[in-house]
Amino acid sequence: MRAPEPELHPEPPRSRGWAWWEALLYAAIRPLGEVISPATYADALGAKEEALDVNAFGQVYASSWFTPRIGRWVMTPDEVAAGGDTLTGPTTGPWIVLGGKVEGATPGLIMQDLDGVTFLVKFDPPAFPELSSAAELISTKILWAAGYNVPENYLGICNLRWLQLSPRATTGGEYGEEVPLNKSRLAAILAHVNPLPDGTVRALFSRIVPGTVLGPGSYRGVRAGDPNDKIPHQHRRSLRGLWLFSAWLNNTDTRDANTLDVFVPTGGGLGYVQHYLLDFGDALGAAGVRPKYIGEGYVHRVDWDAIFGQLLSLGLYYPYWLPVRRAPFRSVGVFEAEVFEPSSWRPNLPNPAFDAATELDTYWAGSIIARFTPEILRAIVARAGYSEPGAADYLLEVLLRRRLKVLRHAFEPVLALDDPSARGFTVTMTDLEHEAGLIDGAAAVLSWSLRAGDRELASGQAAGPRFDLQQALGARPSFADLVIRRARGGPALVLHLRVLEDGVLPVGLEREVD
Amino acid sequence: MRAAIVIALLGVAHTPAASAATERVQTSTAWTREVREAEPSGIDPVRRVLELPADVVEVAFSPLSPLVVALERWKLHDRLFDLLTNEELTLAIVPLVDVFSSSGPGAGAALIQNAPLGSADRLVVLALARTNRDVNASLSLNRRLPRLNGREYSVGLSYGLDHDLEYYGLGGDSSASVVRLLEVESIDLRASLLLLRPDLDWNIRPEVAFRSRRLASGTGELPAFRPGESLEAPSGFGKNLEYPELTVRIYYDSRDSFGRTTSGAVAYVEGSASNDLNGAQTGALRTTGSVSVFLPLLPLNRVLFLSAGLSLATPLGDAGAPLHQLVQLGGSTTLRGYESGRFIDRLGWWSTVEYRWHLYEYADSGSGLSAVLFADFGQVGPNPEAMFQSTFHWSAGVSLRAETDLFLLGRLQLAYSPDGFRISLGIGEVL
């Protein structure tokens, strides 16, 4: 299930993202264009294009965008919580400060530890300790386990007394120009940090990803100079389906600026581009240096639907999210599951890949989210190190309840059977709805029909997704289709089988969408 | 039931015996090993055609991109802000541009000293000039007196030269087709003091002023006013008038917010007296009363605003009341579908009904937009009988208010009246 090995090529030109233009484009210009675009109305009638980076089973194959992990093999809670870490964190000090972090809302530094590993160090806002660092760590672990490329993030203690300025350290000046990072500028950055009397403070250490930074990625189009980037990004299932993860985790800041394309050299001046997601300090209940505001995640920052709804209803329309309240924990912020509805979730800025998502993209993401068992999530949340009594339990509870909601939303229009496998003539699948506790035993009864072309070979009912087809395939057709649906009705799933002498082999899968 | 089908039957490869890791994969799933020869480019020509209008809009706005990028890259907004303000942010120069005036576009600047920032202690020096040579300049100083428990005094000096003030004559039945232009040059010097503590809902503000007026024939696209023609000349036309003026205003203000008011009331009674010193026999006693009420209809800033007022100017000289003392309806606060000063006479009443509702708030900033539906009514006349017996005037429209919790940033209004449509932009303190 692998894409072809990437074509090696010279380093593409670097690009720079512009947040203001991106905001104007997606908040105002594109919405205006979409109002007059027939594609918008065609999409509303169900004519959205399906994703292009999928295989015969609707799965995203491994590439420089995505590496199937928890959806591919069983992972233990400890494996997931360790999440791609190759270190245990930075070494002890002294640390060389190479620069100040000027992008984003949270203060930070770029430093190098004794082993020469470079980290981006981010601090929590003093009024809301653990808020953004925990959000970033939890989201990183989950998205890594799902299959996305994310930085290695470590929670640890930063001893400010270990910081030593490099003579070549730079930071952003008052007007964005690069200026030397001197002691006074370093002090200005650290003025937003609230260390203990011994100079220590909790921090998130984000390992700088290997390779040459090309600039932010994009949720639309392709990168110039990358011959492997053939599929417009808004047609990638891995990016489209990211919306469901973002909704689950309430990661509202899914702008181009929070992606990163890195050139990985392989030698001889050639290499390939690797695509990362980063900056999850706006996930869960956090929004960088503060908790989310009420409404964040429920409406775009400039939401034309809401504005025109208010205008045309003469104020009689009240948004559904008004009852949202802040969690009773400073380290959690605004994160809840009562009011949350996946279909109504909105990032701060409209995202072209999210907007292009179909039910199958959503199902794909749900099929991965379903693998995050309560035990796995508990292990991840434990890594976040919440010190407020009850905060970790509260957050876990909300994560689990939101998970159920996103799974219901993802599985509602399809038959959520997955992981087809065959031993001999016995085909088994995983009933994701049943495993996630969305349905009970009675509702899980399946009716099936085995067909060879137009001819029905056999049919029956099964208490679960296990089908013994030996007798039905007595005539040994070359191919057969196993059509499955719930006994109570609903959309069907067609599993295409290659019939061999000693068994069957699943070769493809189709899902009806209700 | 819609059917969306994923079909991709590719070549099948029987999975070989594998390593332990692969075996683990094979026993839990039965994925085929597939290798695509090349990823598709994904260009669907039909789709591209359907998306074309959106792309055209994006291209149309693309010339804005270099400007927006430059603003962000070079922090032009920060540089401009730092250029126009001092480090303590107690001094600011604010460029002014007015493109909505019927006199033509104008530009100018205001110097604002506000120390400490956000306080009522403020100095504002403003100058604005228009392409038709109209000029407005003013200086106003507000200060609180700590020794008098924060009572506020205010002094101001302003100069205005308006070449094309539209004059429709006196009376409530003036016709829009008989408009003439006046030139008005005005100088006002005033000083006032709040008598009671500023934290009270009630207060009294006496004001002394010295006003100079010169009324002459105007210049512009419309006909200039000539005495003896169809319209009655305003009192003091053609003369240099100088009026000392004394005004006392008693007011009540219980609004819960100056920006996004949801409840409370504002009421005032005002009496003023002015008389020309140059023998033009023009002066007046003017009495005005107004009540405005804010009624919350529904939660979260859905408000009914009701306002009514009455004013009477009693001439003190044989030449009648001066133009600036007469009741004038039309403009950006009364009968908004009519031009400013559309109806002028000694006596007048006005009322407004507005329904305001929340439209948009940026994050939890407290700043946002409200929409307004409004209807204005009013009439003027030389005496009560004439005024109340004649049909009143009306206008209606919609407005967009940019507000914070603390103050109104501005209003954009579109109003209709039998005279036609009128767009106006209002900045500053209105209810």
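Here the structure is a predicted model, which means the values were calculated and not measured.

### Looking at the overall build of chain A
And then number 1: Tallying secondary structure elements over chain A gives 13 helices and 20 strands in all.
And then number 2: In terms of overall dimensions, chain A is globule-like: its C-alpha atoms have a radius of gyration of 25 Å, near the 24 Å expected for 514 residues.
And then number 3: For chain A, the spread of C-alpha atoms along the principal axes amounts to about 80 × 65 × 50 Å.
And then number 4: In chain A, which comprises 514 residues, the proportion classed as buried is 59%.
And then number 5: Partitioning the intrachain contacts of chain A with sequence separation of at least 6 by distance along the chain shows that 69% fall at a separation of at least 24.
And then number 6: Within chain A, the 59 negative side-chain charges are centred at a point lying 2 Å from the centre of the 48 positive side-chain charges.

### A look at the overall build of chain B
And then number 1: Scanning chain B from N- to C-terminus turns up 5 helices and 18 strands.
And then number 2: For chain B, buried positions account for 42% of its 431 residues.
And then number 3: Counting contacts in chain B only where the partners sit at least 6 residues apart, residues at least 24 apart contribute 55% of the total.
And then number 4: Here chain B displays about 22000 Å² of accessible surface, and carbon together with sulfur accounts for 63% of that area.

### A look at the packing of helix H1 (residues 19-35) of chain A against helix H3 (residues 64-73) of chain B
And then number 1: Direction vectors running N to C along H1 of chain A and H3 of chain B enclose 140 degrees, while the axes themselves pass 8 Å from each other. Taken together, the axes of H1 of chain A and H3 of chain B are oblique relative to one another. Residue-level inspection shows Ala19, Trp20, Trp21 and Leu24 of chain A of H1 of chain A in contact with H3 of chain B, the latter providing Leu64, Ser65, Val68, Val69, Leu71 and Glu72 of chain B.
And then number 2: Tallied by class, residues from the contact of H1 of chain A with H3 of chain B come to 8 nonpolar, 1 polar and 1 charged.

### A few points about the sheet that holds strand S13 (residues 417-423) of chain A
All names here are of chain A.
And then number 1: The antiparallel open sheet is built from 3 strands, whose spatial order is S13-S14-S17. Each having just a single partner strand, S13 and strand S17 (466-468) make up the two edges of the open sheet. Looking at each pair of strands side by side, their axes are set apart by 15 degrees on average, direction ignored.
And then number 2: As paired elements, S13 and strand S14 (residues 426-431) share 5 bridges and run antiparallel to each other.

### Examining the sheet that holds strand S20 (residues 504-511) of chain A
Residue and element names in this part refer to chain A.
And then number 1: If you trace the 5 strands from one edge of the open sheet to the other, you get S16-S15-S18-S19-S20, paired in antiparallel fashion. Across the chains shown, the open sheet's two edge strands, defined by having one partner strand only, are strand S16 (455-462) and S20. If you compare each strand with its neighbour and ignore which way they point, the axes differ by 20 degrees on average.
And then number 2: Two strands pair when backbone bridges link them, and strand S15 (residues 446-452) and S16 are joined in this way by 7 bridges, in the antiparallel orientation. Residue pairing for S16: Leu446 is matched across the bridge by Ala462.

### Points about helix H8 (residues 304-312) of chain A
And then number 1: Listed as buried for H8 of chain A are Ala306, Ile307 and Gln310 of chain A. All buried residues of H8 of chain A fall inside an arc of 100 degrees around its axis, so they share one side. With respect to the buried face of H8 of chain A, the exposed residues turned more than 90 degrees away are Asp305 and Leu312 of chain A.
And then number 2: Its buried side turned inward, H8 of chain A meets strand S11 (302-315) and strand S14 (347-361) of chain B.
And then number 3: Capping the start of H8 of chain A, Asp303 of chain A holds a side-chain oxygen 3.2 Å from the backbone nitrogen of Asp305 of chain A, two or three residues further along.
And then number 4: Phi for Leu314 of chain A, located one or two positions after H8 of chain A, is positive at around 55 degrees.

### Brief notes about the side chain of Glu270 of chain B
Residue and element names in this part refer to chain B.
And then number 1: Position of Glu270 relative to the elements: it lies in strand S9 (residues 264-275).
And then number 2: A distance of 2.8 Å separates a polar atom in the side chain of Glu270 from a polar atom in the side chain of Arg249.
And then number 3: Discounting chain neighbours no more than four positions away, the residues touching Glu270 are Thr247, Val248, Arg249, Arg286, Thr287 and Thr288.

### Some words on the pairing of strand S3 (residues 122-130) of chain B
Residue and element names in this part refer to chain B.
And then number 1: Bridge analysis of strand S2 (residues 106-114) against S3 gives 9 bridges, and the strand direction is antiparallel. Among the inter-strand pairings, Ile112 is bridged to a residue of S3, identified as Val124.
And then number 2: Bridging between S3 and strand S4 (residues 135-145) involves 8 bridges; their strand directions are antiparallel. Bridged to Val124 within S4 is Ser140.
And then number 3: Hairpin connection between S3 and S4: a loop of 4 residues separates the two successive antiparallel strands, and Arg133 in this loop has a positive phi of roughly 75 degrees.

### Observations regarding the side chain of Ser132 of chain A
And then number 1: If you trace the backbone, Ser132 of chain A turns up in helix H4 (residues 131-146).
And then number 2: Polar side-chain contacts of Ser132 of chain A include one of 3.0 Å to the side chain of Asp124 of chain A.

### Thoughts on unusual backbone geometry
And then number 1: Here the bond from Gly93 of chain A into Pro94 of chain A is cis, since omega is 5 degrees, no more than 30 degrees from zero.
And then number 2: Phi is positive for Lys75 of chain B, close to 50 degrees, though the residue is something other than glycine.
And then number 3: For Lys75 of chain B, the position within the fold is in the loop between H3 and helix H4 (76-84).
And then number 4: Its relative accessible area of 26% is what places Lys75 of chain B among the partly exposed residues.

### Section: the pattern of salt bridges
And then number 1: Tallying each qualifying case throughout the model produces 51 salt bridges over all chains.
And then number 2: Across the pair Arg48 of chain B and Asp55 of chain B runs a salt bridge whose closest N-O atoms are separated by 3.2 Å.
And then number 3: For Arg48 of chain B, a relative accessible area of 39% corresponds to the partly exposed category.
And then number 4: Here the residues in one salt-bridge network are Arg30, Asp43, Glu49 and Arg220 of chain A together with Arg47, Arg48, Glu51, Asp55 and Glu58 of chain B, joined through shared partners.

### Focus on the environment of Pro198 of chain B
Residue and element names in this part refer to chain B.
And then number 1: Relative to the elements of secondary structure, Pro198 occurs in the loop between strand S6 (180-193) and strand S7 (202-217).
And then number 2: Look at Pro198 and you get partly exposed, because its relative accessible area is 42%.
And then number 3: Between the C-alpha atom of Pro198 and that of Leu406, which follows or precedes it by 208 residues, the distance is 16 Å.
And then number 4: With residues up to four places along the chain from it excluded, the contact list for Pro198 reads Asn149, Gly150, Arg151 and Asn203.

### Regarding the nonpolar core
And then number 1: With 76 residues, the main nonpolar core has Ile138, Tyr148, Phe245, Trp248, Leu284, Phe372 and Tyr386 of chain A as its most contacted residues.
And then number 2: When contributions to this core are tallied by element, the ones reaching two or more residues are H4, helix H7 (242-249), helix H9 (352-355), helix H10 (359-369), helix H11 (374-383) and helix H12 (391-411) of chain A.

### Points about the packing of aromatic side chains
And then number 1: Inspection of every chain in the model, using the stated rule, returns 25 aromatic pairs over all chains.
And then number 2: An angle of 20 degrees between the planes, with centres 5.1 Å apart, marks the rings of Tyr355 of chain B and Trp357 of chain B as stacked. Trp357 of chain B carries the same exposure label as Tyr355 of chain B, and that label is buried.
And then number 3: Pairing Phe377 of chain B with Phe392 of chain B gives two aromatic rings, centres 5.8 Å apart and planes at 80 degrees, and the pair type is edge-to-face. You can see Phe377 of chain B sitting in strand S15 (residues 368-381) and its partner Phe392 of chain B sitting in the loop between helix H5 (384-389) and strand S16 (393-403), a full 15 residues away along the chain.
And then number 4: Since its relative accessible area comes to 25%, Phe377 of chain B is described here as partly exposed.
And then number 5: We classify Phe392 of chain B as partly exposed; its relative accessible area is 41%.
And then number 6: In this structure an aromatic cluster arises from ring pairing among Trp95, Phe119, Tyr154, Trp162 and Phe205 of chain A.
And then number 7: Above the ring of Phe374 of chain B, the side-chain terminus of Arg336 of chain B is found at 3.8 Å from the ring centroid.
And then number 8: Here Arg356 of chain B stacks its cationic end above the ring of Phe305 of chain B, 4.6 Å away from the centre of that ring.

### Side note on the packing of H11 of chain A against H12 of chain A
Residue and element names in this part refer to chain A.
And then number 1: As a packed pair, H11 and H12 sit with axes 10 Å apart at the nearest point and diverge in direction by 140 degrees. Comparing their axes, H12 and H11 come out oblique. As for the relative orientation of H11 and H12, their crossing is right-handed in sense. Residues Pro374, Leu377, Arg378 and Val381 of H11 touch H12, and the partners they reach there are Ala392, Leu395, Leu396, Leu399, Leu400 and Arg403.

### What about the confidence of the model for chain B?
All names here are of chain B.
And then number 1: Looking at chain B, the pLDDT average stands at 86 and 90% of residues meet or exceed 70.
And then number 2: Confidence drops under pLDDT 50 across residues 1-39; counting only partners more than four residues distant or on other chains, this segment forms 86 contacts.
And then number 3: The ipTM, which scores confidence in the relative placement of chains, is 0.86 for this predicted complex, and the corresponding pTM is 0.90.

### Here's the deal with the environment of Leu109 of chain A
Residue and element names in this part refer to chain A.
And then number 1: Looking at the secondary structure, you find Leu109 in strand S2 (residues 108-112).
And then number 2: Its relative accessible area of 1% is what places Leu109 among the buried residues.
And then number 3: Along the primary structure Leu109 and Gly99 are separated by 10 residues, whereas in three dimensions their C-alpha atoms are 5.8 Å apart.

Analysis parameters
- Residues numbered from 1 in each chain as written.
- Chains lettered and ligands numbered in written order.
- Predicted model: local features only at pLDDT ≥ 70, side-chain atom pairs only at ≥ 80, totals over all residues.
- Heavy atoms only, no water.
- Helix = DSSP H or I, 4+ residues; strand = E, 2+ residues; numbered from the N terminus.
- Rg over C-alpha atoms; globule rule 2.2 N^0.38 Å.
- Buried < 20%, exposed > 50% of the residue type's maximum accessible area, 1.4 Å probe, protein only.
- Contact = heavy atoms within 4.5 Å.
- Lys, Arg positive; Asp, Glu negative; His and termini not counted.
- Charge placed at Lys NZ, Arg CZ, Asp CG, Glu CD.
- Areas by Shrake-Rupley, 256 points an atom, 1.4 Å probe, with all protein chains shown as cover.
- Axes fitted to C-alpha atoms, helices over the stretch in contact; angles between N-to-C directions.
- Parallel < 35°, antiparallel > 145°, perpendicular 65-115°, else oblique.
- Nonpolar A, V, L, I, M, F, W, Y, C, P; charged D, E, K, R; others polar.
- Pairing = 2+ DSSP bridges.
- Arc of directions from axis to C-beta.
- Polar contact = N/O pair within 3.5 Å; in protein donor to acceptor, adjacent residues only side chain to side chain.
- Salt bridge = Lys/Arg side-chain N within 4 Å of Asp/Glu carboxyl O.
- Core = buried A, V, L, I, M, F, W, Y, C linked by side-chain atoms within 4.5 Å.
- Phe/Tyr/Trp six-rings, centres within 6.5 Å; stacked < 30°, edge-to-face > 60°.
- Lys NZ or Arg CZ within 6 Å of the ring centre and 35° of its normal.
- Left-handed = near helix turned anticlockwise from the far one by under 90°.
- pLDDT = per-residue confidence, 0-100.

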